[in-house]
Structures are given as structure tokens and as C-alpha cells.
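Take a look at the letters that make up each chain.
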Amino acid sequence: MTAGVDTPDRRGRTGLDRAGRELTGNPRVEVRDVRLLSSHWYVERTTTFDFQRADGTWSTQERETHDRGNGATVLLYDAARETVLLTRQFRFPAYVNGHPDGMLVETPGGVLDDEDEHPEVAVRREVVEETGHTVGDVQHVFDMYMSPGSVTERVSFYAAAYGPSTRTHAGGGLDEEGEDIEILELPVRRALEMIRSGEITDAKTVLLLQWAVLEGPFAGLGPKRGTAR
Ligand SMILES: Nc1nc2c(ncn2[C@@H]2O[C@H](COP(=O)(O)OP(=O)(O)O[C@H]3O[C@H](CO)[C@@H](O)[C@H](O)[C@@H]3O)[C@@H](O)[C@H]2O)c(=O)[nH]1
Ligand SMILES: [Mg+2]
């Protein structure tokens, strides 16, 4: 008996060794075997599959995947005041891999509760938990694979207006999950400068900020009012 395969693992999951066996979308791929390596918090698998190369020959490949579910994130913007609302929290994986203190500035967001949860529902929940804002309309921006060679995660990106009237709760994250999240309101120009200076190093945050000035709520953002250029 293996937890996560025939008995529930600590998150109630079974059948974790079946992912991918049913895939038929690509005739050049035949999944042969799926082995569960770990299912503690996230799920690690190794999958053996036959792959037909461009020249027609078949080869057998083995690939490990890190499956942490899917995620959703949102850019909270105030178009009139030209500000964004970001979070700052400790991220051990970044800290252990060279970030000076592991305190990352990010757009709010998180993981979907399960495969059936709509990312828009998840992102609304995460925004309230992390920032205390209950937002109105949310605009879907795009869905992205953040590390497609090894991590299964697909992140859904959104944008929503925030302001004094959308503040309904305290925010700061869930104590019971050990979250301790600082809320950071920044002029969008300052956030863009923080990408250049290396103070913002989270990819989802960079994608949303750059989208916002290219074709989102801050498109055509000019030089700061009142400054000569
Ligand atoms: N016990 C335990 N808790 C964990 C572990 N990994 C994460 N957690 C906790 O699980 C909660 C997840 O919080 P969310 O807000 O749902 O996710 P997130 O960590 O903010 O964001 C994730 O999704 C983003 C996509 O929007 C990703 O960009 C980000 O890297 C991360 O994976 C956090 O309290 C976190 O500390 C773990 O290995 N063990
Ligand atoms: Mg989060």
C-alpha cells in the first residue's frame, strides 16, 4: 500500500501515479509508466514515455515532474493614482538559492484548492486573505507555464482595480498557514524601477507589471507629472 497511490496521502489524494496515462493529444507521445517518487506536500513523479522525434524515429525518455497544482495571481492597480498593491513575504526556496534575505515582492496570489477550483475564485480568495481587499471585476490577462521543463504548474494571471472602497479586511495572510505578509502600495513607476534594480525578482510580478504598461491599465504611462524630461 502506498500513500497517494492506493491509500489517501496527507492531503487526501489517491491515484497520483495515474497522471498522464490517459493523454491522447499528441500522437508522437506514448506514456509507458508513471512512478510516484514523493507526495508529501507537493507531488514528484517520474514518467517514462516513448517520444517520436521529428525524423520519425522513436526514443524512450524519462522525465521527472514537480506537481504543486496550479496557481493564480492578480495585479491590483489604481489607475487614477498610478499605484499598485504588492505583497512582501519570506520565500525559503529563493533564500536557499541566492536571494539575499528571501523577502520577495510579489503580486498577491496562491495555489488553487484543487483541480476543480476556477482560478478566478482562487485569486479572489487569495487577495482578501493576503491584502484585505475584496475586488470587483477581475480581468483575465493570460495563463502561463512558469517552468515548463520540470514544473507542471500553470498560473492564471488577472488584473483588478483596488482602492480605499475595496478594503474590507485586515489582510496579511493566514496565521494558521504560517503566512506573514506585508502589504506594499507603490507608485507603478517605482515598481518598474524595482525590476531594473533587482528589488523585484519574481517572474509573475514582472510579467504583470510589464503587461500593465504595455497594454493594460497603465498603457502609455508618461513621465511623472511635474518632472521635466
Ligand atoms: N507545510 C507546508 N506548507 C507549505 C509548503 N509549501 C507551501 N506551503 C504553505 O502553503 C501556503 C500556500 O499559500 P498560497 O498563497 O496558496 O500560495 P503561494 O505560496 O503564495 O504561491 C504559490 O503560487 C504562486 C502562483 O500564484 C507561485 O508563484 C508561488 O511560487 C507559489 O508556489 C503558504 O502558507 C505556504 O507557506 C510546504 O512544503 N509545507
Ligand atoms: Mg500567496
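Calculation criteria
- Residues numbered from 1 in each chain as written.
- Chains lettered and ligands numbered in written order.
- Predicted model: local features only at pLDDT ≥ 70, side-chain atom pairs only at ≥ 80, totals over all residues.
- Pairing = 2+ DSSP bridges.
- Helix = DSSP H or I, 4+ residues; strand = E, 2+ residues; numbered from the N terminus.
- Buried ≥ 20, exposed ≤ 12 C-beta atoms within 10 Å, placed from the backbone.
- Contact = placed C-beta atoms within 7 Å.
- Axes fitted to C-alpha atoms, helices over the stretch in contact; angles between N-to-C directions.

Visitor: Could you clarify how one ought to interpret the pairing of strand β1 (residues 29-38) in this entry?
Guide: Within a regular strand, side chains alternate between the sheet's two faces. Both β1 and strand β2 (residues 43-52) contribute to a ladder of eight bridges, which runs antiparallel. Its bridge partner being in β2, Val29 is matched across the sheet by Phe51. Between β1 and β2, which pair antiparallel one after the other, the connecting turn spans four residues.

Visitor: Any chance you could explain unusual backbone geometry here in plain terms?
Guide: Across residues other than glycine, the phi torsion is negative in most instances, and most of the peptide bonds are trans. Even without being glycine, Glu82 reaches a positive phi, approximately 55°. Mapping Glu82 onto the fold places it in the loop between β4 (71-78) and β5 (83-90). Residue Glu82 is classed as partly exposed on the basis of its 17 C-beta neighbours within 10 Å.

Visitor: Got a minute to help me understand the environment of Leu36 in this structure?
Guide: Among the secondary structure elements, Leu36 is positioned in strand β1. Residues Leu36 and Thr47 lie 11 residues apart in sequence; the distance between their C-alpha atoms is 8.7 Å. Every residue in contact with Leu36, bar those within four places of it in the chain, is listed here: Thr2, Gly4, Val5, Leu16, Asp17 and Arg45.

Visitor: What is the right way to look at the environment of Pro148 in this model?
Guide: Tracing the sequence through the fold places Pro148 in the loop between β8 (138-145) and β9 (154-161). Spatially, the C-alpha atom of Pro148 lies 20 Å from that of Asp114, the residues being 34 residues apart in sequence.

Visitor: Just checking my understanding: could you explain the sheet that holds strand β3 (residues 58-67) for this structure?
Guide: Hydrogen bonds between backbone atoms are what pair the strands of a sheet, whose relative direction is either parallel or antiparallel. Read across the open sheet, the three strands follow the order β1-β2-β3; overall the sheet is antiparallel. A strand with exactly one partner marks an edge of an open sheet, and here the two such strands are β1 and β3. Direction aside, the axes of adjacent strands within the sheet are offset by 20° on average. The pairing of β2 with β3 spans 10 bridges and is antiparallel. Along β3, the bridge assignment pairs Thr47 with Arg63.

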